[in-house]
Structure formats: C-alpha cells, structure tokens
Amino acid sequence: VVLTDIRHAGGAISRADSNANAIGNRDANFYLVIGGPAFTPETRAAMQPYIDEYKSALRPYLHGGLYLNFAGSIEARKRVKDAYSPESYARLLTIKGQYDPKNLFRYSFPLVTQP
C-alpha cells in the first residue's frame, strides 16, 4: 500500500522572517508525503519502484524542497541540503564546525559539505 499525504503549509511559518531561524522552504504551499507501511525489506523493495515513478510524474509540479520531518531516513540523509536555504545551510555548517568539529552529534540529519 502506497499512501499520499498532502498537508497545507503557509500560514505563520511563511510570514516569519527567513533569517529568524533555519526553517527552509517557507514559500511552499503544501507538503507532499508519499510512502506507506513496509514491515519487511522485501515489501519496501517492492514499493520503491512505484514511489519513484509516482514522484517522477509529479516532479514538474513540485517545489524541490524537503521538510525533514516527513522524509524517510534514506531520502533525508541524501537531501538534507534541500531542507534549507543556501544561507541557512551555510550558517548551520559554520555553527556545526564551531561547536561540533569532531561530528559527535551525527545521528540525525547530516550537516556536511555536499557536492
């Protein structure tokens, strides 16, 4: 079973100053979540081609950003940079380098220089 969840965005988050914090993609009108329960690796593997095709068909209509709380762990780790504006991501990297130069806090979304 593959589910689609469309959530309204905007509101107060879109009215806040973009430099107030690191929340990105404030201009998005909706959040789109595609996924479903996959209790075994085989189920997940069977679902993935459909999800990929579905996302590909929708790509022309999507913003391109990412809301990390709704992303699966694999996608979130690959696309963490898409969750922030370039300026916010640069600020986060600077803070990470200053306060966690040995990358002790690395178990969430990776803040690393990406190509």
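In case you missed it, the structure is sitting above this.
For the structure given in this document, a descriptive report is provided here. Just so it is clear, the model here is predicted, and its values are computed rather than measured.

## Some thoughts on the layout of surface pockets
Size it by volume and the largest pocket reaches roughly 1100 Å³. Lining the largest pocket are 34 residues, and of these Leu-32, Lys-55, Leu-66, Glu-75 and Arg-79 lie nearest its centre. Only β2 (30-35), α2 (41-58) and α3 (73-79) provide two or more residues apiece to the lining of the largest pocket. What the second largest pocket holds in volume is close to 170 Å³. In terms of lining residues, the second largest pocket is bounded by 13 residues, among which Lys-96, Phe-105, Ser-108, Phe-109 and Leu-111 are the most central.

## Looking at the environment of Arg-7
By the element assignment, Arg-7 lies in strand β1 (residues 3-8). Note: C-alpha distance between Arg-7 and Phe-30 (23 residues apart in sequence) is 5.4 Å. Residues in contact with Arg-7, not counting those within four places in the same chain, are Asn-29, Phe-30, Tyr-31 and Phe-70. A distance of 2.9 Å separates a polar atom in the side chain of Arg-7 from a polar atom in the side chain of Asp-5.

Each value, and the rule that gives it
Residues numbered from 1 in each chain as written. Predicted model: local features only at pLDDT ≥ 70, side-chain atom pairs only at ≥ 80, totals over all residues. Heavy atoms only, no water. 1 Å grid on protein atoms, 1.4 Å probe; cavity = no way out; pocket = protein on both sides within 12 Å on 5 of 7 lines; lining within 4 Å. Points joined across faces, edges and corners; volume = space filled by probe spheres on them. Helix = DSSP H or I, 4+ residues; strand = E, 2+ residues; numbered from the N terminus. Contact = heavy atoms within 4.5 Å. Polar contact = N/O pair within 3.5 Å; in protein donor to acceptor, adjacent residues only side chain to side chain.

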